[in-house]
Amino acid sequence: MAFKFGLVAKDLGIDLGTANSLVYVKGRGVVLLEPSVVAIRKETGQVLAVGNEAKQMIGRTPGNIVAIRPMKDGVIADFDITYNMLKHFINKALGDKTYLIKPNVVVCVPSGATAVEERAIRDAALAAGAREAYLIEEPMAAAIGAGLPVEEPTGNLIVDIGGGTTEVAVISFGGIVTSQSLRIAGDEMDEAIINHIKKTYNLMIGERTAEEIKINIGSAYPQDTVTTYEVKGRDLITGLPRTIEVSSEEIYKALKEPVSAIVEAIKATLEKTPPELAADIMDRGIMLAGGGSLLKGLDKLISAETHMPVHVAEEPMYCVAYGTGKALENLNVLRNVLKTPKKSIKEA
Ligand SMILES: Nc1ncnc2c1ncn2[C@@H]1O[C@H](COP(=O)(O)OP(=O)(O)OP(=O)(O)O)[C@@H](O)[C@H]1O
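Given the structure is predicted, the values throughout are model-derived calculations rather than measurements.

Let's talk about the environment of Val259
(1) Moving on: Along the chain, the position of Val259 falls in helix H8 (residues 256–271).
(2) Moving on: Val259 sits in the buried class, given a relative accessible area of 4%.
(3) Moving on: Val259 sits 75 residues away from Ile184 along the chain, and the two C-alpha atoms are 8.7 Å apart.
(4) Moving on: Residue contacts for Val259: discarding those within four places in its chain leaves Ala220, Leu295, Leu298 and Leu301.

Side note on the packing of H8 against helix H10 (residues 298–306)
(1) Moving on: Across the interface, H8 lies against H10 with an axial gap of 11 Å and an inter-helix angle of 45°. Judged on the interaxial angle alone, H10 and H8 are oblique. Where H8 crosses over H10, the handedness of that crossing is right-handed. Facing Val259, Val263, Ile266, Lys267 and Leu270 of H8, the residues of H10 in contact are Leu298, Leu301, Ile302, Glu305 and Thr306.
(2) Moving on: Across the contact of H8 with H10, the residue classes tally to seven nonpolar, one polar and two charged.

A few points about the domain arrangement of the protein
How big an interface is tends to be stated in terms of the accessible area lost upon association of its parts.
(1) Moving on: Once the domains are mapped, the protein shows domain 1 (153–184 + 258–317) and domain 2 (186–255).
(2) Moving on: Relative placement of domain 1 and domain 2: their C-alpha centres are 27 Å apart.
(3) Moving on: Each partner contributes residues to the interface: domain 1 has 15 residues there, and domain 2 has 16 residues.
(4) Moving on: Both faces combined, the contact of domain 1 with domain 2 buries some 1,200 Å², and carbon together with sulfur accounts for 66% of it.

Points about the pairing of strand E15 (residues 175–182)
(1) Moving on: Where strand E14 (residues 166–172) and E15 come together, seven bridges link them in antiparallel fashion. Pairing of Ser172 across the sheet is with Gly175, part of E15.
(2) Moving on: Between E14 and E15, which follow one another and run antiparallel, lie two residues, and Phe173 among them has a positive phi close to 55°.

Topic: the side chain of Ser293
(1) Moving on: Following the sequence through the fold, Ser293 ends up in the loop between strand E19 (286–289) and H10.
(2) Moving on: A distance of 2.7 Å separates a polar side-chain atom of Ser293 from the backbone oxygen of Gly290.
(3) Moving on: Dropping the residues within four chain positions of it, Ser293 is found in contact with Ile161, Leu288, Leu298, Val312 and Pro316.

Thresholds, definitions, all that
Residues numbered from 1 in each chain as written. Predicted model: local features only at pLDDT ≥ 70, side-chain atom pairs only at ≥ 80, totals over all residues. Heavy atoms only, no water. Helix = DSSP H or I, 4+ residues; strand = E, 2+ residues; numbered from the N terminus. Buried < 20%, exposed > 50% of the residue type's maximum accessible area, 1.4 Å probe, protein only. Contact = heavy atoms within 4.5 Å. Axes fitted to C-alpha atoms, helices over the stretch in contact; angles between N-to-C directions. Parallel < 35°, antiparallel > 145°, perpendicular 65-115°, else oblique. Left-handed = near helix turned anticlockwise from the far one by under 90°. Nonpolar A, V, L, I, M, F, W, Y, C, P; charged D, E, K, R; others polar. Domains from an automatic or database assignment. Buried area = accessible area lost by both parts, 1.4 Å probe. Pairing = 2+ DSSP bridges. Polar contact = N/O pair within 3.5 Å; in protein donor to acceptor, adjacent residues only side chain to side chain.

What follows is the structure in structure tokens.
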């Protein structure tokens, strides 16, 4: 018989992302990486699937079932669905047991989140079973996860490019000195590809296809060799399925707008950086994290535009989760990098 009860639950670090959620279990590392998607029955609101299973349903569901991404632009767009998703991930990470002592949870929030958005995330974590929910700003978690010495009095520039948000932050001495949170990241790149294909070929493609094109042949810097990719979609005039071939060159051009917005945000942050810290960054370079930093040639472009060395973190999609994990493992040491938990909506 399965052992259904436990005494003390292991503490958790959660990267609740727009595109993906990751859960870090204290002492074990990242145990879960699943898309932040929930499938629900429209009429009743009943949750049918969460994560991988729900992502398979995007664009393929009958009218009465909708696949929702409850985190939009990095913040909670739908509280109840986010709560359900968090609960599912927490239970899955802890092995579906009931615990007498619940886990402490560190959840990341975008640096641009409002107090209301922060409370919503904290409340969702508490409602989903956390004993205490600590918040950590996403760029701080990404910097810790990428191995930057955030506690030292030296300038570090981290750029975390996720699905919904790009976070650019200068960190020194355990605090964020200046930062910018841009609601342009991987999703906007996918959208730019959808629009390009619609305009050029009168062909409608879905989000998943656009993401596949981006990952396979997308780039932020002109590539030496041109590659092509076969794309299936729906012809907007005949309404029938049609296959076309797109080239890496045209996708590079289609991605220029969102990519430029990210580069401009980095430049604007550098302009606001105090000179001593800017000099440190000049020496150490800019660190890129988040799945969006895997776009081919992005590091090269940022380096060319800022005249600074640029490094991509080792496992960019895991950085925030590793950072929340390290904060958990060293709660006492890293307490000053955590945000003071604000009162929940119910307590306020
Ligand atoms: N090889 C790749 N090339 C380009 N983009 C990629 C690649 N791999 C993943 N991505 C993109 O990275 C994004 C997801 O990154 P990540 O998981 O870090 O985001 P998130 O944490 O869920 O989002 P956010 O930080 O906005 O909440 C998606 O837009 C995905 O398409």
